[in-house]
Amino acid sequence: MTLLLTLDDGSIQRKLAEAVDLARAAVLEDAGAEQVGAHVGVDREDAVSASHLFEATVTGYRGWRWSVTVALAGEDEPITVSEVVLIPGPDARVAPAWVPWDRRVQAGDLGVGDIFPVEKDDPRLAPAYLESDDPAVEAVAKEIGLGRVHVLSRHGRLDAAARWHSGEFGPRSDMARSAPDVCGSCGFFVPLAGSLSAAFGACTNDISPADGHVVDVEYGCGAHSEIEVEVTSSVPVAELVYDDSLMDFEPAPETLAEAPDPEPAEATVVDESEAPVAEAPETAEVQPEVEPEAAEPVAETADEAQVEAESASEH
């Protein structure tokens, strides 16, 4: 056997893989031709054995396979059949893993009217008359006497702390990772009493998803009491804004240089009787009016008109 394990060059596994007919004959002898299907593969068990797999056509065992294990004791020895068994395949429907009866009740299974007694020696509980390592428990025991029959032991507190820390309201939850701050600094956080007060408390914010639940001090949500949100417009607005309804801009026209206004002349009193009579002008031929190509506007002031009138009266 040592020689096979140390000096095998692959010939033993080839011989085992080629023993399909031997494996089929073994399973047909055990199950019958109507329950054996096609050959679907070979699984190596160790250096001197392998298992041939055949489809099982057994009623009620859909997806199962026949497994025939063959072995080779030596190079000059014949291949032999070790066992024939029916095993589930990758798509087989199998029963769930076995769970002891005292562990089958999980969190959330307890309903209205259900009763679930604890074990007699539950490590999470300790007799109330024993001295506790929690000062808060000792203070309560001295105040009210024996009180409860059992109190939470150190193991029970550590077990609850580990469960709460890794639970829905712990620091590793999705809500806590996206929160702006932690519960330890929130005004709605009420710490627990005793040794658990350093790490856990109750949430009293009705908006929070953890309202009424025990939360870790490192848990957090979007309803933290110290959050301040700046309420501004979501549309960006420029600092300088022009209101077109109040201001109208037009380009400035090119203006001619204006001449300075002449000084006003002194008014002269003229006697109309001495003034010469102006002769009527000769009648001139009327020419058709032709519009100038570009008429330049001439602006006369009231002072210029008065000067011209005085000049005409002198002559």
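Residues numbered from 1 in each chain as written. Predicted model: local features only at pLDDT ≥ 70, side-chain atom pairs only at ≥ 80, totals over all residues. Heavy atoms only, no water.

1. As for the overall build of the chain
When helices and strands are counted, the chain shows seven helices and nine strands. Taken over 315 residues, the chain has a buried fraction of 22%. (Helix = DSSP H or I, 4+ residues; strand = E, 2+ residues; numbered from the N terminus. Buried < 20%, exposed > 50% of the residue type's maximum accessible area, 1.4 Å probe, protein only.)

2. Some points on the sheet that holds strand β4 (residues 79-88)
Sheet architecture is open: four strands sit in the order β1-β2-β3-β4, paired in antiparallel fashion. Unpaired on one side and paired on the other, β1 (36-46) and β4 mark the two borders of the sheet. With direction set aside, neighbouring strand axes in the sheet form an average angle of 25°. Across seven bridges, strand β2 (residues 49-56) lies against strand β3 (residues 64-72) in antiparallel orientation. Bridge pairing in β3 places S51 opposite T69. Against the sheet, helix α3 (residues 20-31) engages β1, β2, β3 and β4, with an angle of about 115° to β1. (Pairing = 2+ DSSP bridges. Axes fitted to C-alpha atoms, helices over the stretch in contact; angles between N-to-C directions. Contact = heavy atoms within 4.5 Å.)

3. Side note on a negative patch on the surface
A contiguous patch of negative charge, built from D43, E45, D46 and E83, is present on the exposed surface. Per-element tally for the negative patch: the top contributor is β1, with three residues. Assignment of secondary structure puts E45 in strand β1. Since its relative accessible area comes to 47%, E45 is described here as partly exposed. (Patch = residues over 30% accessible without salt bridge, like charges linked within 9 Å, V, L, I, M, F, W, Y side chains within 5 Å. Areas by Shrake-Rupley, 256 points an atom, 1.4 Å probe, with all protein chains shown as cover. Salt bridge = Lys/Arg side-chain N within 4 Å of Asp/Glu carboxyl O. Lys, Arg positive; Asp, Glu negative; His and termini not counted. Charge placed at Lys NZ, Arg CZ, Asp CG, Glu CD.)

4. A look at the confidence of the model for the chain
When pLDDT is averaged along the chain, the result is 76, and 64% of the positions lie at 70 or above. A low-confidence stretch, residues 294-299 stays under pLDDT 50, and its non-local contacts, those more than four residues away or across chains, total one contact. (pLDDT = per-residue confidence, 0-100.)

5. Quick look at the sheet that holds strand β8 (residues 200-203)
Strand order in the open sheet formed by three strands is β7-β8-β9, with antiparallel pairing between adjacent strands. At either margin of the open sheet sits one strand with a lone partner, and together these are β7 (189-191) and β9 (214-216). Recorded for the sheet is a direction-independent mean angle of 45° between the axes of neighbouring strands.

6. Some remarks on the layout of surface pockets
Here the largest pocket is characterised by a volume of approximately 660 Å³. Lining the largest pocket are 21 residues; nearest its centre among them are V105, F116, V118, D122 and R124. Residues that form the lining of the largest pocket fall into these classes: ten nonpolar, four polar and seven charged. (1 Å grid on protein atoms, 1.4 Å probe; cavity = no way out; pocket = protein on both sides within 12 Å on 5 of 7 lines; lining within 4 Å. Points joined across faces, edges and corners; volume = space filled by probe spheres on them. Nonpolar A, V, L, I, M, F, W, Y, C, P; charged D, E, K, R; others polar.)

7. Brief notes about the pairing of β2
Burial runs high along β2: seven of the eight residues are buried. Two strands pair when backbone bridges link them, and β1 and β2 are joined in this way by seven bridges, in the antiparallel orientation. Across the sheet, residue G41 finds its bridge partner in β2, namely L53.

8. Regarding the nonpolar core
L16, V27, V36, F54, A56, W66 and V68 are the most contacted members of the largest nonpolar core, which totals 17 residues. Those elements that place two or more of their residues in this core are α2 (11-17), α3, β2 and β3. Top contributing element to this core by residue count: β3, with five residues. Counting residues in hydrophobic clusters, the runner-up holds nine residues, among them F169, F189, C203 and V217. (Core = buried A, V, L, I, M, F, W, Y, C linked by side-chain atoms within 4.5 Å.)

9. Some remarks on the packing of aromatic side chains
For any pair of aromatic rings, the description rests on two quantities: the centre-to-centre distance and the angle between the ring planes. For the coordinates displayed, the defined rule picks out three aromatic pairs. Judged by centre distance (5.1 Å) and plane angle (90°), the rings of Y61 and W64 are edge-to-face. According to the relative accessible area criterion, Y61 is partly exposed, its value standing at 35%. With relative accessibility at 18%, the residue W64 sits in the buried group. Across from the ring centre of W98, 4.5 Å away, lies the NZ or CZ of R104, which sits over that ring. (Phe/Tyr/Trp six-rings, centres within 6.5 Å; stacked < 30°, edge-to-face > 60°. Lys NZ or Arg CZ within 6 Å of the ring centre and 35° of its normal.)

10. Quick look at the side chain of S67
Looking at the element boundaries, S67 is found in strand β3. Each residue touching S67, except ones within four places of it in the same chain, is listed here: S51, H52, L53, E83, V84, V85 and I87.

11. Quick word on helix α5 (residues 154-165)
An α-helical turn contains 3.6 residues, so any two residues separated by three or four positions project in the same direction. If you check α5, its first and last C-alpha atoms are 16 Å apart, about what twelve residues at 1.5 Å a residue would give, namely 16 Å. Listed as buried for α5 are G156, R157, A160 and A161. Viewed along the axis of α5, the buried residues span an arc of 130°, placing them on a single side of the element. Those residues of α5 that are exposed and aimed more than 90 degrees away from the buried face are R154 and L158. Its buried side turned inward, α5 meets β6 (150-152) and β8. (Expected span 1.5 Å × (residues − 1). Arc of directions from axis to C-beta.)

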